[in-house]
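# Topology and contacts: notes
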Amino acid sequence: MKKKISVLIAVTLMCMAALTGCGSKQTSSADKIVFATNAEFPPFEFISTNGVIGEYDGIDIAIVKEIGERAGVEVEMQNMEFDSLLVALQNGQIDATIAGMTVTEERAKSVDFSTPYYTATQVMIVPEGSDIKAAADMAGKTIAVVQGYTGETVVQDLGFEYEAFKKGTECVMELVNGKCDVVVIDSATAQKYVSDNKGLTIVEDPDAFASEEYAIAVQKGNTELLNLINGVVEEMLADGTISELSAKYIDAE
Ligand code: ARG
């Protein structure tokens with residue numbers, strides 16, 4: 001009898017532990033939010049010796065730091081491949097992702113997006129003197145994009161063939177070394193690469209490249225975290241913090 005009761009208690013305790021274990025991330029008012037990014041996308045996220053959260057720096061990282069401070073929660077930043085972010089989110093490995101990530105219909109099927117905090121567009125980086133003046137001029141040229149970025153989708157939709165690389169810096173190296181004619185990537189990141197590398201320039205084509213909005217993603221249905229994030233993001237949009245951060249990181253050089 002005694003034994004049965006203690007077994008019952010043990011089982012009950014195990015169940016409770018299991019429940020809290022599973023539920024803590026999504027349901028309890030979060031005391032720590034685990035974010036992930038892909039820190040290869042300046043000025044939104046990059047590695048620095050003097051980062052804002054650990055070794056991570058950039059507009060997105062500064063936004064996360066503000067979320068932590070304004071909401072009074074601890075924030076953690078992880079770094080992973082861009083393609084792994086949404087999978088990790090869906091698996092519950094992380095709570096949120098911030099990665100200069102464009103809201104797309106496709107992505108919104110698997111995660112929930114916050115209020116957008118930044119408007120961008122795809123642009124073309126070309127060597128100075130290139131005859132590429134508009135997106136249509138990329139026909140027959142060697143185009144480089146980053147795998148999994150919206151730039152890849154956009155070039156695909158235009159019907160051009162392209163080469164996909166793992167990182168933006170790899171695309172830019174191809175361009176600098178004359179191995180490709182054009183790189184299609186997000187505007188602010190392109191600006192950064194052009195200022196870091198001599199002989200490159202940006203070509204815009206608003207008719208071909210629609211505007212894109214960056215937002216933070218959380219697991220589908222995690223409204224508690226989404227509301228917390230939206231509260232701070234909307235406050236930072238209204239009080240000018242986000243434009244200040246953008247100006248600080250984009251005009252830094
Ligand atoms: N805005 C583009 C997209 O959503 C590129 C984002 C890349 N971000 C990064 N942290 N590597 O696909």
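The structure reproduced in this document is the subject of the present report.

Parameters and conventions
Residues numbered from 1 in each chain as written. Predicted model: local features only at pLDDT ≥ 70, side-chain atom pairs only at ≥ 80, totals over all residues. Heavy atoms only, no water. Helix = DSSP H or I, 4+ residues; strand = E, 2+ residues; numbered from the N terminus. Buried < 20%, exposed > 50% of the residue type's maximum accessible area, 1.4 Å probe, protein only. Contact = heavy atoms within 4.5 Å. Areas by Shrake-Rupley, 256 points an atom, 1.4 Å probe, with all protein chains shown as cover. Pairing = 2+ DSSP bridges. Axes fitted to C-alpha atoms, helices over the stretch in contact; angles between N-to-C directions. Parallel < 35°, antiparallel > 145°, perpendicular 65-115°, else oblique. Nonpolar A, V, L, I, M, F, W, Y, C, P; charged D, E, K, R; others polar.

### Considering the overall build of the protein chain
From N to C terminus, the protein chain includes nine helices and 14 strands. Burial analysis of the protein chain (253 residues in total) assigns 46% to the buried set. A fraction of 71% describes how many contacts in the protein chain between residues 6 or more apart in sequence connect residues 24 or more apart. If you sum the accessible surface of the protein chain, you get close to 12,600 Å²; carbon and sulfur atoms cover 53% of it.

### Details of the pairing of strand S8 (residues 118-127)
Counting buried positions along S8 yields seven of 10 residues, so the element is predominantly enclosed. Relative to strand S13 (residues 211-214), S8 runs antiparallel, the two sharing four bridges. Across the sheet, Tyr-118 pairs through a bridge with Tyr-214, a residue of S13. As defined by bridge partners, S8 adjoins strand S12 (residues 200-203) across four bridges and the pair is classed as antiparallel. The partner of Pro-127 across the bridge, within S12, is Leu-200.

### Description of the packing of helix H2 (residues 59-71) against helix H8 (residues 223-238)
In contact at an axis separation of 10 Å, H2 and H8 are set at 110 degrees when each is read in the N-to-C sense. Here H2 lies roughly perpendicular to H8, going by the angle between them. Across from Ile-63, Glu-66, Ile-67, Arg-70 and Ala-71 in H2, the residues of H8 making contact are Leu-228, Ile-229, Val-232, Glu-235 and Met-236. Residue composition of the contact of H2 with H8, by class: seven nonpolar, no polar and three charged.

### Considerations on helix H5 (residues 150-157)
By the burial criterion, the buried members of H5 are Thr-150, Gly-151, Glu-152, Val-154 and Val-155. At the exit of H5 stands Gly-159, carrying a positive phi of roughly 85 degrees.

### Looking at the sheet that holds strand S14 (residues 217-219)
The strands that make up a sheet are held in pairs by hydrogen bonds between backbone atoms, and each pair lies either parallel or antiparallel. Reading across the sheet, the five strands line up as S5-S1-S6-S14-S7 and stay open at both edges, with mixed pairing between neighbours. Strand pairing shows two members of the sheet lacking a second neighbour, strand S5 (74-79) and strand S7 (111-113), which therefore form its edges. Bridge count between strand S1 (residues 32-37) and S5: six bridges; the pairing is parallel. Pairing of Thr-37 across the sheet is with Asn-79, part of S5. Running over the sheet, helix H3 (residues 82-90) touches S1, strand S6 (96-97), S7 and S14 and is turned about 35 degrees from S14.

Shape descriptors only; they carry no functional weight alone.
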